[in-house]
Every structure is written in C-alpha cells, then in structure tokens.
Amino acid sequence: MGILLVSTSALSLEIFLTRFFSVAQWHHLAFMVVSIALLGYGASGSFLMLFPSILKKDSSKLLSLLSMLFSITTLLSYTIANHLPFDMAKIAWDTNQLIYILAYYFLLSIPFFIAGMIISIVITLSSKDVNKIYFFDLIGASIGCLLPLIIFPLFGGTGPLLVSAILALIASLFFLPSRRFPVLFVSLIISFIIIKPTLLEINMSQFKSLNVALKFPEAKHIDTKWNAFSRIDIVESISVHFAPGLSLKYQGYIPHQIGITIDGDNMTAITEIEGNTSELDFIPYLPSSLPFYLTQNKNVLILEPAGGLDILTALYFKSQLITGVEINPLIHKVIKHDFRDFSGGIYERDNVKIETGEGRGYLKKTDIKFDIILFPVLSGIPASSGGFFGLAEGYQFTEEALITYIEHLNNDGMLSITRYLLPPPREELRLISVIQSALKRTGSKNPERHIAVIRTWGTITIIVKRSELSDADISKIKEFSKERLFDIVYYHGIKENETNIYNKFAEPIYFNLISKILNDEKRETLYKNYIFDITSVTDDRPFFFQFFKWNKIKEVYKSVGEKWQIFIEGGYLLPIIFIQALIASAVFIVFPLTVARGRRLITQKKETITFLSFFFLIGVGFMFIEISLIQKLILFLDHPVYAVSTTLFSILIFSGIGSFLSKRYASNKKLFNIILSLSITIVIATIFLPYIITFFLGSNLILRGIVTLLTLCPIGILMGMPFPAAIKILGERDRDIIPWAWCVNGVASVISSILAIIIAISFGFNAVLLLSVIMYLVGGGLIKKEIN
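Residues numbered from 1 in each chain as written. Predicted model: local features only at pLDDT ≥ 70, side-chain atom pairs only at ≥ 80, totals over all residues. Heavy atoms only, no water.

## Thoughts on the overall build of the chain
A count of helical and extended segments in the chain gives 26 helices and twelve strands. Taken against the 2.2 N^0.38 rule, which gives 28 Å for 788 residues, the C-alpha radius of gyration of the chain at 28 Å falls within 12% of a compact globule. Across the 788 residues of the chain, 63% fall into the buried class. Counting contacts in the chain only where the partners sit at least 6 residues apart, residues at least 24 apart contribute 77% of the total. (Helix = DSSP H or I, 4+ residues; strand = E, 2+ residues; numbered from the N terminus. Rg over C-alpha atoms; globule rule 2.2 N^0.38 Å. Buried < 20%, exposed > 50% of the residue type's maximum accessible area, 1.4 Å probe, protein only. Contact = heavy atoms within 4.5 Å.)

## Thoughts on unusual backbone geometry
Geometrically, the link from proline 423 to proline 424 is a cis peptide bond, its omega value of -5° lying close to zero. With respect to the helices and strands, the residue proline 424 is situated in the loop between strand 9 (409-420) and helix 14 (427-441). Of note, asparagine 266 is a non-glycine position whose phi angle comes to about 55°, a positive value. Examined against the element boundaries, asparagine 266 turns out to sit in strand 4 (residues 265-271). Using a relative accessible area of 15% as the deciding quantity, one classes asparagine 266 as buried. Here alanine 306, not a glycine, exhibits a phi torsion of approximately 50°, which is positive. Residue alanine 306 is classed as buried on the basis of its relative accessible area, which comes to 14%.

## Observations regarding a nonpolar patch on the surface
Residues Leu676, Ile680, Val683, Ile684, Ile687, Phe688, Tyr691, Leu770 and Leu777 make up a contiguous nonpolar surface patch of about 810 Å² in total accessible area. Elements with a minimum of two residues in the nonpolar patch: helix 22 (668-696) and helix 26 (765-787). By the secondary structure assignment, isoleucine 680 is in helix 22. Assessed through its relative accessible area of 47%, isoleucine 680 is described here as partly exposed. (Patch = residues over 30% accessible without salt bridge, like charges linked within 9 Å, V, L, I, M, F, W, Y side chains within 5 Å. Areas by Shrake-Rupley, 256 points an atom, 1.4 Å probe, with all protein chains shown as cover. Salt bridge = Lys/Arg side-chain N within 4 Å of Asp/Glu carboxyl O.)

## Points about the nonpolar core
By size, the foremost hydrophobic cluster in this structure holds 194 residues, and its most contacted members are Phe20, Ile121, Ile123, Phe282, Ile311 and Phe615. Broken down by element, the residue count for this core peaks at 16 residues, all from helix 25 (residues 738-763). The residues contacting isoleucine 311, other than those within four sequence positions of it, are Ile302, Pro305, Ile322, Ile346, Tyr347, Val352 and Ile354. (Core = buried A, V, L, I, M, F, W, Y, C linked by side-chain atoms within 4.5 Å.)

## Looking at the sheet that holds strand 10 (residues 451-455)
If you trace the eight strands from one edge of the open sheet to the other, you get 7-6-5-8-9-11-10-12, paired in mixed fashion. Two strands lie at the open edges of the sheet, namely strand 7 (352-356) and strand 12 (487-490), each paired on one side alone. On average, adjacent strands in this sheet sit at an angle of 20° to one another, irrespective of strand direction. Relative to strand 12, strand 10 runs antiparallel, the two being bridged by three bridges. Across the sheet, residue valine 453 finds its bridge partner in strand 12, namely tyrosine 490. (Pairing = 2+ DSSP bridges. Axes fitted to C-alpha atoms, helices over the stretch in contact; angles between N-to-C directions.)

## Quick word on the side chain of serine 481
Here serine 481 is to be found in helix 15 (residues 471-484). You can call serine 481 buried: its relative accessible area is 1%. Residues contacting serine 481, with those up to four places away along its chain left out, are Ile454, Phe486 and Ile488.

## With respect to the pattern of salt bridges
Counting across every chain of the model gives 20 salt bridges. For arginine 231, the salt bridge goes to aspartate 233, with nearest N and O atoms at 2.6 Å. The pair arginine 231 / aspartate 233 is uniform in exposure class, with both members buried. A single salt-bridge network, built from bridges that share partners, covers Asp223, Lys225 and Asp338.

As structure tokens, then:
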C-alpha cells in the first residue's frame, strides 16, 4: 500500500506540473515535466549505486522517512519554483532566465528523486517479490493518472498538488509496524485545500493576455474556473475588443465585451446583446463574414465557437440552423449560465444547437451536409492542448480532417478558416498545403480552382469550396474585399497587381508563396528552399504547428530581425531538451560506472553490460509505445488530457496485472516468448488501430474510453512482464546491480520520451511503434543469449 500511494502521488504530481507550466508560462515548457520526473527517478538509482550503505539501514524507518520527505518536498519545491522570478517571455533580453530554468529542473526533480528512491529501495531489497511490488507501483500510477481529472474541477489549480502531498504522507504510515497517523500535518494540508492560501496560487507570466488586460484602468477579474484540462478566467477590461480582422473602414460602435482566457491566454470574448442581433453593424466588416456573401447559409457548422462571436455572425445573416461544436464544455457552461442575460441567451435560441466534443468526432456521427463550415480565428490554438509534450497536435488540420470537412459540405458549400497573421509566414502556408493535398485525395483534378484567400491588417481567411469557385464567386470576393479594404491574396487566375494594395508589405509575399504551393511545377522547390517546413501533415504525423528545419536556423534568425524568441516554439526546443537529457543521462550512467563499480565491472563486465543494455532497450521500447499510443488516441478521445490519462491508466493498470503474472516467466525461453508476443501484438495494433479509431470515432466518450481500455489490455499485460521478470533473474545473480538497472531504465525513458516525438515529426508514429518492436526484440535476444 505504501508503494501504491507513493506511485499515485508521483503521477498526480507529474500531471499537476504539466498544468502548472501551461498556466504559469506557456504550453512549450510543459514538455520539461516528463524529463524532470524521469530524471528524478533515474537519479535515485544512481544515488543508491554510489551509496549502497543506505540499503543496510532499517528499511521501515528509512522508507517512512523518505515518504514524509516526499510529501514535504512536493509542497516546498513547488512553492519555491512558483515564486522564482522566471518569465519565459523575458528570455530574449534577460540571460538570468536560463538560470531559473535550471533551478526549475533541480527543485521540481527533488520529489521525484525521493519517490524513485522509495521504489528502488523496495525493489532492491525484495527482488524475489518484484512482480508484486511492480504490480502495486503500476496500479498506483494508473490511479494517479485519473485522480487529477477529478481533483481539478473540485478543488481548483493546486488541488492535485495538495492531494499528492497528503497521499505521500499517508504512505509513510504503511512502511512502519506501528500506524501513528500524523493528524496535525494532514489537517494542515486539508486546510490548504479549503482555504486556498495565496502562497500556493499559480503565479502567471505578466505577458499573458489575462495579466495584460488586468493592467488597464478599472479592469476587474470576475472569476476563475477549472476543469480537467483548462483554466478559464473571466475578465472585464477596456482592452477587450474582440473583432479579429475588423475592417478599418468600420468607424461604428462595438458592443461591450467580457474577456475569456484559456490558461491565461488566447483571449476571446462574450459580446453583450441588448436588442436584436441584426443591430450588430460591425459583423459584416469582419473577414469571417465572407462565406455568408458567397453561398446560402441555411445550415451552418461552427467548430470551437468559444465566446460565440461566430454564432452571432451566423445569427446576423439569419441562418436557419446553427450548430456549434465546442471542445471545452466549461466555456459553453459559462456563456449559457453565468452570462446568459449578458449574451442575449444566444445558446438558447431555437435555431442554435451546441454539441460538446471534437469537431471530427461530431462529423463522424452525422450525415448532415452543411452550407458553411466555419473555423473561428482561435480554433485549434496550441496552448489549448494542455501541453503534455509541448508540441501541439493539430488533428483539426490534417489531410484526413480536411477531407472530413469537405465531404460534409453541400456541393456549393464552403469551408472558411480564419487565422491570425504571424510573420514570417508558416502556419497559413502549411494550411494551404494540407488543403491542396486533401482536395487531391477527394478526387479534385484542379485543387487551385477550389481555393480563395483574403488578408486583412491582422488576419488571413481561406475559403475552400467543395465545387470549383465560379466567376460569380470570384466577383463577389473582389467586391467584398474592395468595400472593406481587404487584400485578395489568391484565387485561380489572379494577377500580382491585384494583390498587396491596402495592407501593404514590401512585396506581395503571401501571394507569391501561396501561388507556388498551388502550382504543381513550383511546389516541391518551395518546400525544399523555404526557411520553414510547410509540407502537408497527416494523422500519423499530426504536428501542424511544427515548422522546424535544422538547415535553416540561420536564415530564420535573420528573418525575424535577429531575435530568437521564435526558437522557443516546440520544434526548436526539442533538440535542446534532447541534448540536455543526453548529458544528464550520461552523467547518471557513467558516473556510477566509474566511481562506484569500476573494479567489479572488470570481472563481470560482459554480463552486467548485457543486463543493463536489456533494461535500456526495454525502457526505450516501453516509452516509444506509450508516447505513440497517447498521440494516436488524442483524436479518438477528444482532448490530449483525456488521451494521456486514459491511455496511461490503461497501459499501467494492465502492465500491473502483467507484472503480477510475470513471476512464472522469469526464465530465458519464457521471457523471450513474452517479448516476441508483445512485438507481434504491437505490429497488429499498428495496422488495425486506425480502423478501430475510425469505426468508433462518432460514439459517445464513455464508449470510446471502454474501447481504449479493451484495445490496450493485451498490450499492457505484455508490456508489464519483461521488467519484473528480468529483475527477478538479476536479483538471483547480482542484487547490487538492481539500482543501476532501475537507473538505466529511467534514463532510457527520459531520452526516448523526447526521441519518440523527434522521430514522429519526420517519419510518423507508425515508425516509432515499429522501432519499439526492434528495441524489444534486440533486448530479448541479448538477455536470452546471456541467460543461456
């Protein structure tokens, strides 16, 4: 029970920290949490190798003391890190921020180091029962994956942190013969949950939208709400003017708006409705109103309507049926209930229907054809992903996604996507690439004839028609743009002198680039020479927001005025974190090798290296499988947080069962057969998982969760067997090496958690899964030969 509670606490803490980084800074830094946790675990094995005398102490008292320290450092490490003067936005001019990042690593790794010590000590001292210990470790971890989903909505942002501290404290009781319950300390932590002291409140970057809005005179923070994957803040400020791309010709009144931020950023707004929506005179001057001038609008679908501005647009143009699909139910709840009167009850209109979920999942379960499918400007923004890996999965904008949208349009129906302009051009160019590839896959012979693009001073709007755009359509686009001083960027047959007229760049850069993407003869040359990767993305490579190119770093640096903030984007951060993990990992392996066990390895070098290689390889294989399955199931389960929690819960709980059963497989032939069975199962899953996802995508979330659980059952059971079986064999031969095996396995997990994403960006997650098979087979072959 002590092991179970420690493991539950550690996983809950890890998930809490991903949310902490996303809210306090930006989603990119959430990537660090995986490295911090696994490095802490790996370092614990190294520490035991350097100081083996620890294992000779009274284990009950030692484990109880470590559990108490785990609880205390969980609170202290977070509190100190939370009050460090670190702000990611300051990195460009303040080199001290790099020191604060290192301080983050050190402080936040301490509780994971102590948790790793507890588990490593127990496994070392009880290697004969490692299958049972590992079982409770994994069961605890699986509970820890789900616990924050319950705690965040109930107790707010620091709830999971405090619950983790309580669980670690209770765990200390189970390591002692006498159960003395620390009533005072537990009561203190529980009081923190109830009172919510300001000391523990998450300190948010001053450059996030919420804090910027609150700096204006008479600004007021109205409320904060939490759910499992987001923090919603409601703010009243004179800075809140949400009308993306509004024409400069409009000189009229914009109604009062209340701001909503997600994780303190990505400001959207609820617009006050005092009378009829037809009185909202600013709406026709928005670029997002273009499709309503081009086609009938009887049936409109809006994906991620957020504050509801695009719902108002559809109401203004008297659409007969308006369907909104909102991925974040908390936003829907706030508008429908808390601001019902302020918003004019727009979500209670007879012709407005709001569905909760992911857009593709909704379209999968309906046969309705729409006149307009509209993506608001903030839909699919990276920060909303929760940032578990710091690289946003853009499943809304893959080829398969665009095919789904196009196939749900009427013949004259139109897809409209509006994005903010973020020079140098990259996001909008990739979107054009995806659209072009998707149209090709739907059978279009001339994709360029289906696409039109307009640009305002701050946004770009892409129109995709299921049939080819007619001359009448193009004439309407020209008229619409001219009346509002919008620039036309592209339609088939456009001339350069028709572009870059009102909102001028030094050259018509968007026209030049988009024209080349839609030209079969120039596309590949542009892809090769452009400073960013703007090629199309698929569900197997869903990193829509990853534009990194190794060989173009210098050119990128020059293109942004020799400022390096852009390199904080996920793709550029990955190699840095990977190199850092390699260095730290090398220290954890090489240092104990040379200092603690150098002489011993001279006599048993081959056997030791073989066993350590095995634990390294299965560590890599395990994480490759875990990361790939999480990523593949994000689309299936609607949100990254649901995918992380459900996938980890399934893998860990079934791995725990596999661990419990592993004792009977602790022999050379049986262990290799298990690894062979796992490899075959992974290959089968790689082939058939896309079909399972497609078949059940339109089902309700609970059924999809059950399907996930059943699908991952055989994989999880088989994944849970090799580690404890090999530990048992190692314990019979050389128990002193077990902490080192624990360290090597942890280090492999750190490296592979990052390496999996790097590989997937270039080759896709199917390639990562197949590499996991190779890792397991090579490791199995090594240990089979050694045991023989």
